[in-house]
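Overview (structure and organization)
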Amino acid sequence: MANVIDVLKERGFIEQTTHDRELRECLDQGSVTCYIGFDPTAASLHIGSLVPIMSLAHMQRQGHRPIALIGGGTGMVGDPSGKSEMRQLLTLEALGKNAEGIKKQLSHFLDFKDGKALMLNNADWLTELKYIPFLRDIGRHFSINRMIKAESYKIRLDSEEGLTFIEFNYMVLQAYDFLELFQNYDCQIQMGGSDQWGNIVAGVELIRRVQQGAAFGITFPLITTSGGEKMGKTAKGAVWLDAAKTSPYDYYQYWINTDDRDVARFLALFTFLPMDEIRQIKQLSGANLNTAKAILAFEATRLAHGNQAAVEAHQAAASMFGARQVPADILPASTLPRGNFGADDASVPTSSLDVQTLKAGIPAFKLFHQVGLANSGGAARRLIEQGGAYINGTRVESFDYQVSDTDLDDTQTILLRSGKKRFHKIEIKK
RNA sequence: GGUGGGGUUCCCGAGUGGUCAAAGGGAACAGACUGUAAAUCUGUCGGCGAAGCCUUCGGAGGUUCGAAUCCUCCCCCCACCA
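Thresholds applied
Residues numbered from 1 in each chain as written. Chains lettered and ligands numbered in written order. Predicted model: local features only at pLDDT ≥ 70, side-chain atom pairs only at ≥ 80, totals over all residues. Heavy atoms only, no water. Helix = DSSP H or I, 4+ residues; strand = E, 2+ residues; numbered from the N terminus. Buried < 20%, exposed > 50% of the residue type's maximum accessible area, 1.4 Å probe, protein only. Areas by Shrake-Rupley, 256 points an atom, 1.4 Å probe, with all protein chains shown as cover. Lys, Arg positive; Asp, Glu negative; His and termini not counted. Charge placed at Lys NZ, Arg CZ, Asp CG, Glu CD. 1 Å grid on protein atoms, 1.4 Å probe; cavity = no way out; pocket = protein on both sides within 12 Å on 5 of 7 lines; lining within 4 Å. Points joined across faces, edges and corners; volume = space filled by probe spheres on them. Nonpolar A, V, L, I, M, F, W, Y, C, P; charged D, E, K, R; others polar. Pairing = 2+ DSSP bridges. Expected span 1.5 Å × (residues − 1). Patch = residues over 30% accessible without salt bridge, like charges linked within 9 Å, V, L, I, M, F, W, Y side chains within 5 Å. Salt bridge = Lys/Arg side-chain N within 4 Å of Asp/Glu carboxyl O. Contact = heavy atoms within 4.5 Å.

What follows is about the overall build of chain A. Per the secondary structure count, chain A includes 19 helices and 15 strands. Expressed as a percentage of the 430 residues in chain A, the buried residues total 51%. Surface accessibility of chain A: about 20300 Å² in total, with carbon and sulfur atoms responsible for 49%. If you average the places of the 46 positive and of the 49 negative side-chain charges in chain A, the two averages end up 1 Å apart.

The next thing to look at is the layout of surface pockets. Considered as a void within the structure, the second largest pocket measures approximately 930 Å³ in volume. Along the wall of the second largest pocket there are 29 residues; nearest its centre are T234, K236, D250, Q253 and N257. Elements that contribute at least two residues to the lining of the second largest pocket include exactly β7 (233-234), β8 (237-238), α12 (248-256) and β15 (422-429). Of the residues forming the lining of the second largest pocket, the biggest block, 4 residues, is contributed by α12. Residue composition of the lining of the second largest pocket, grouped by class: 11 nonpolar, 9 polar and 9 charged.

Moving on: the sheet that holds strand β12 (residues 394-395). In space, the 5 strands of this open sheet follow the order β9-β15-β14-β11-β12, with mixed pairing throughout. The strands lining the two open edges of the sheet, one partner per strand, are β9 (350-354) and β12. As judged from the 2 bridges shared by strand β11 (residues 389-391) and β12, these two strands associate in the antiparallel manner. In the sheet register, Y390 faces β12, and the bridge partner there is R395.

What follows is about helix α15 (residues 286-305). One full turn of an α-helix is made of 3.6 residues, so residues set three or four places apart face in the same direction. Compared with the 28 Å implied by 1.5 Å per residue over 20 residues, the 29 Å span of α15 between its first and last C-alpha is a close match. Most of α15 sits inside the fold, with 15 of its 20 residues counted as buried. G306 sits one or two residues past α15 and shows a positive phi near 95 degrees.

To continue, consider a nonpolar patch on the surface. A cluster of nonpolar residues, Y131, I132, L135 and F165, forms a patch on the protein surface that exposes about 450 Å² of accessible area. Top element by residues in the nonpolar patch is helix α6 (residues 131-137). It accounts for 3 residues. Structurally, the position occupied by I132 is in helix α6. For I132, a relative accessible area of 53% gives the class exposed.

Moving on, we get to the environment of L241. Tracing the sequence through the fold places L241 in the loop between β8 and α12. Residue class for L241 comes out buried when judged on its relative accessible area of 3%. For L241 and H305, which are 64 residues apart along the polypeptide, the C-alpha to C-alpha distance reads 8.0 Å. Filtering out sequence-adjacent residues up to four positions away, L241 remains in contact with S44, L45, H46, I47, L50, I53, Q105, F109, Y251 and H305.

Following this line, the structure appears as structure tokens:
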């Protein structure tokens, strides 16, 4: 079996590692346990966490044992790494609730059956710590002189806001986590974003000092889009993995709007499609490249939301934007339906209107505002005045056009569209 | 605790009595061009069924015909000193 380092490296997951050679040897010798920490700052993970999640999944596929560590304890402290301001501290209850949601999502990507992957919460040991013994046993291994030179503190040390003592402790706690996992779960590798390098190295060194043990660190590059944006950030906020916060339809749409330049890179990072197929798509251009995006969107949606939801999102897209055949020779390993399938718009955002209201007629701008395609009546007026509003595919000519039951199409729905990409379906409530 | 500097519309940031719904930039949205991409050009970008009205410049009061701009008190942030 290939060394997982090669797999990860080939797919673009690795920024740097500690002890390169030893690490490889360690992984060649059999199943190794590795961990990544997840901050329970929200009840859902978002696309920004996908790189860590996928890397754990790759670990598992290569026969290693991943641990997802929920930062229930460290979440009460707040990691200052690379952050320009102090994070809001969360209560214990909020953190517990968030951990629940995260657990659910991770299980889509990792198999937790039979201890093949573990989910732990560092609150279990961190909240039990006694201050003085901790300082004496752990704190003594940390040099302030070194810590203040760490990149992770640099921004804050140089900033106007400064660094508080509680945040300064974060690195020590994270290092302690690693030691704890090393001692109790035989965990030898910690992975994380490149901003975690300092924290990870601190853990590696602590283990070497306290236990004379072999521990390693791997960091991921910060993935940005070619447009220079962070992954998963849109004007409306983060793209969540929770279907209740970001619908599978919107999730699919996020991926299909990927920049041309990012398609191959993202296929490697965010799908499990074989690399030799992914390399092929670098040759593609124009409309064919666009179909590769459909596959990226489909595969990514399938991983996060399951096959059914992915098929629906794909069909809805076909129904809204026009069905396009995906040639069989593009990324053949993908299970995306390539033949003719009924265009089905089931997963398009929908709301309902009762018959009376519709019969009476409702001004177009009000309707667009109501369903959320415009943020205010004024915005809706502007949208229409600028020719960006459509009903059933026809441009709305005046903002006070009365929408009524005569606008129902043969499926008894009205399809509203704002600009090129935003759709909303109206159904009739009888 | 002392001294000084700040808090402006989604973000950055101008504005120091009327010409301010508030310059400029970014983001965002729409149009054209396209491939649900990028780039570019154009337009829009507080709310309200137009004119006009209403709400906004950390908070509360006050001066004034008129305040983001002046005064008072309060809250918050930052720097230096302690």
